[in-house]
Each structure stands twice: as C-alpha cells, then as structure tokens.
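Examining the three-dimensional arrangement
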Amino acid sequence: MNARNTKVMNRFDVTSRLIAKLKHEEAVVGGIGNTNFDLWAAGHRPQNFYMLGSMGLAFPIALGVALAQPDRRVFALEGDGSLLMQLGALSTIAALKPKNLIMIVMDNGIYQITGAQPTPAAGVADLVAIALGSGLANSAWAVDEEDFERLVDAAMSVDEPSLIALRIDDKPGVGTTRRDPVQIRERFMHGLGVREPL
Amino acid sequence: MATAEQQTSSQAGAGSGDRSWHSIVLQTLKRNEISLIPYVPDRVLTPLIKNLHADPFFTTFATAREEEAVGIVSGAWMGGRRGAVLMQTSGFATLANTLASLAVPYQIPLIMFVSERGTLGEFNYGQSLVCRTMRPVLDSLALEHHTITRLDELEFIADRSIKQAVTTQAPVALILNPLLTGGKTFDK
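Because the structure is predicted, anything quoted here is derived from the model rather than measured.

**With respect to the interface of chain B and chain A**
- Taken together, the contacts link 26 residues of chain B with 31 residues of chain A.
- Overall, the association of chain B and chain A removes approximately 2100 Å² of surface from exposure, summing both partners, and the carbon and sulfur fraction of that is 66%.
- Scanning the region where chain B abuts chain A turns up zero salt bridges.
- Remark: the boundary between chain B and chain A carries nine residue pairs in polar contact (both at pLDDT 80 or more).
- Looking at the side of chain B that touches chain A, the elements that each hand over two or more residues are β2 (59–62), α4 (66–78) and α6 (96–103) of chain B.
- Per-element tally for the side of chain B that touches chain A: the top contributor is α4 of chain B, with eight residues.
- Across the side of chain B that touches chain A, the residue classes tally to twelve nonpolar, ten polar and four charged.

See below:
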C-alpha cells in the first residue's frame, strides 16, 4: 500500500466533500460501520440508506437501486474489508454496466470497528487493480482530496459505472447512525419518490 | 453431463400454452410485475433461466453469490422495482446473515425460489446434509415458506405467496421439490 503515491485522507472529510456535491437527490448507500457513521454525520438526507449488517452488500444494494432508477445517480460507500467479502459483485456490476452507479472504496487496510486488525489484503492486494481486472475499466485511486473531487465530478458525467478508491486514516466515524431499520428504509423510499409518507 | 442435460430439457417445453412448472413460474412472475431476476445457477432451474433470458420483460443475470442477489433485489425494491432470486438449496445455506440483518429487519419482500437438492434420490452427501439446514433456518427467523410438490398447486402457491410477501413486506421462500421439477438424478 505504501508503494502507491496517494495521500492518506480522512473518511469524514471526503464523505462531506462528496455530499456537498449532490444537487440532484442522488442516492447514497452507506456500508456497515464507520462508512455509515460518517455518512450520517455528514448530514442526514432522505436519499441516504444506512446498512446495519450484511457486510459487503453496499455495492449490490446500490446496484439494485441503480437498476430500479436508471435516471438517478447512485453512490455506494464501502470499506476495504467489506469489499473483500464480496469481490464477485465487481464482476456482476462490470457485466451489467449500470450507467449511473458510482462505487467509493475507503481503504485503511484494517477492520477498524472490530479492533483495527489488518485485513488479509493490507499491504498485498491493490483494490483498484482488482476492480480493473473484474472489468470495471473506470476505476482509479484518488491521489488527494482535490483529485477525489475531480474523480467524483467525472463519474457523474460518464455513461459507465465508476469506482473510486482512497486511502484513509484510522480515525473513528464522527457520528452514530440511529439503528432503526424500518424507519431507515421507509425514509429512503420516500427520498427516492417510491412512496408517500402516511 | 449430456444425459443429465437431457433429463431436464425433456421437461423444458417451449410454447406459451405450455403448462410446465417453469412456464407457470415465469408467467406468475410476469403477472406480479417481478422483472429483475438475479440468480445463481442450478441444473434443474436451467429451462426457467433460459426462458427468462429469452423474454425481454425480464432483466435476468447471474451473480457470483446468493447474498449479492439478495442485496440487489433489496435495493431494487427500495427503488421501486420488484425482483426475485433463484438459487439451489446449498445457496440458500449461505444466506442466514443476509436474511437476519437485511431482509427481515428492514421488512423487505424478498422473494426466493429455491430448487431443492438433498432429498428424494440425492446422490451427493453434502447436498443431503445442507438441505436439512434450510427449513430450521427459515423457521428460526419465522419466515414464510412453502414446499411445492404438485404442478396443479404451483400457480396458486406462487401467486398468493408473492402477493402476501409484497403486501406484508416480508420475505418468502418457495421451495421447488423434485416431485415438481423432476430434480437432478445420478446418471452422468
């Protein structure tokens, strides 16, 4: 991982930068743990979906949203450990080529929430190389915050799925997601215009 | 392998007036506006998967794992599109965590068609053992499930179960028994 000439960024900072760019009710799916906490802390939006379990399914869930609503951009925020649990999903997404799906991988090389144990990939595997090898041609490491913002802008204007990976530090998430799955799902469906509140 | 293929394709049928089990499943999905069908393959499901691929109403595709397929149809439901997952018994066995942490607590009408291996002439010891874990897992999560053995009951059970899943926002497993499908036989 040190071989890469990329800056170590902060999850909450880059999540806030991403959210600030969303002007069209884009959907955002937050993976479990700190990814989710920082999404919540960056400012709750009805178009945010917060996972409370099922580690590794942020990209598949976002893919489902993207297939259901092809005119809406859909983001997914996933940790490196979570992505490792479901690498096959990258090939599925590459095969389907959803034009509106943007995957963001927050890589700190550790299972932070369970006590910061290193993942098996830490120091040996390159997640962007894996994504490229899975068929996701529009995959890149963000060099720094400015580059991350540039990559997000680019991803929002292309007609193919994009994957952006960044190295992040080991700072814990800033907020704590409220753990009410039904309320989270209902709010999300209202936010996507699928349902009206009672 | 060729013989096993023959075994299933002999029941495949083709025409729209066809009352094969897989044609009934396809028509029932269509009638209930279920159009997104991720699957992990199974020999017995081959004619259904083939016909779903051939029908432009459906978006049908393979996933690398059953959990992934459940994530996809869950996301699609929240986005306003209905889906169903096709898998075999051993694939269901990989789903306990996803059912307990996504489909059940978020109240998502996850519709699962499970081709039943491990019973009525199973030849693979691993399949017969894993089959015995399926209903205890479904029962322990209080999940609605039905085992379909008869062609004349298939449409009723599938159609009503799908409607119940959607209206009660709860997952359902429809288990396709070898008595219905012919199953897979040890003749390769």
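**Some remarks on the pattern of salt bridges**
Residue and element names in this part refer to chain A.
- Enumeration according to the criterion identifies 19 salt bridges over all chains in this entry.
- Of the charged contacts in the structure, one is a salt bridge between D13 and R17, with a shortest N-O distance of 3.0 Å. On the criterion of helical spacing, the pair formed by D13 and R17 is a turn pair, its members being four residues apart in helix α1 (residues 11–20).
- Take D13: its relative accessible area is 26%, and that puts it in the partly exposed class.

**Thoughts on unusual backbone geometry**
All names here are of chain A.
- Of note in the backbone geometry, E25 takes a positive phi value of approximately 55 degrees without being a glycine.
- Take E25: it is sitting in the loop between α1 and β1 (27–30).
- With a phi close to 65 degrees, A116 is a non-glycine residue in the positive phi region.
- Classification of A116 as partly exposed rests on a relative accessible area of 38%.

Cut-offs and rules
Residue positions are given per chain, counted from 1 along the sequence in the order it is written. Numbering of ligands from 1 and lettering of chains from A proceed in the order in which they are written. Only residues with pLDDT of 70 or above have their local features reported here, since the model is predicted, and side-chain atom pairs are shown and tallied only from 80 upward, although totals for entire chains, interfaces and linings are computed over all residues. With hydrogens and water excluded, all non-hydrogen atoms of the structure serve as input to the side-chain values. Contact criterion: two residues are considered in contact whenever any of their non-hydrogen atoms come within 4.5 Å of each other. Defined in terms of a 1.4 Å probe, buried area is the accessible area two parts forfeit on being brought together, summed over both. One side-chain nitrogen of Lys or Arg within 4 Å of one carboxyl oxygen of Asp or Glu is enough to make a salt bridge. Polar contact is the term for a pair of N or O atoms within 3.5 Å; when the atoms are in protein, one must be able to donate a hydrogen and the other to accept it, and sequence-neighboring residues count only if both atoms are side-chain atoms. For helices the rule is a DSSP run of H or I covering at least 4 residues; for strands it is a run of E covering at least 2, with both sets numbered from the N terminus onward. Residue polarity follows a fixed list, in which Ala, Val, Leu, Ile, Met, Phe, Trp, Tyr, Cys and Pro are nonpolar, Asp, Glu, Lys and Arg are charged, and the others, Gly among them, are polar. Buried residues are those whose accessible area, probed at 1.4 Å on protein chains only, stays under 20% of the maximum for their type, while exposed residues exceed 50% and partly exposed ones sit between those limits.

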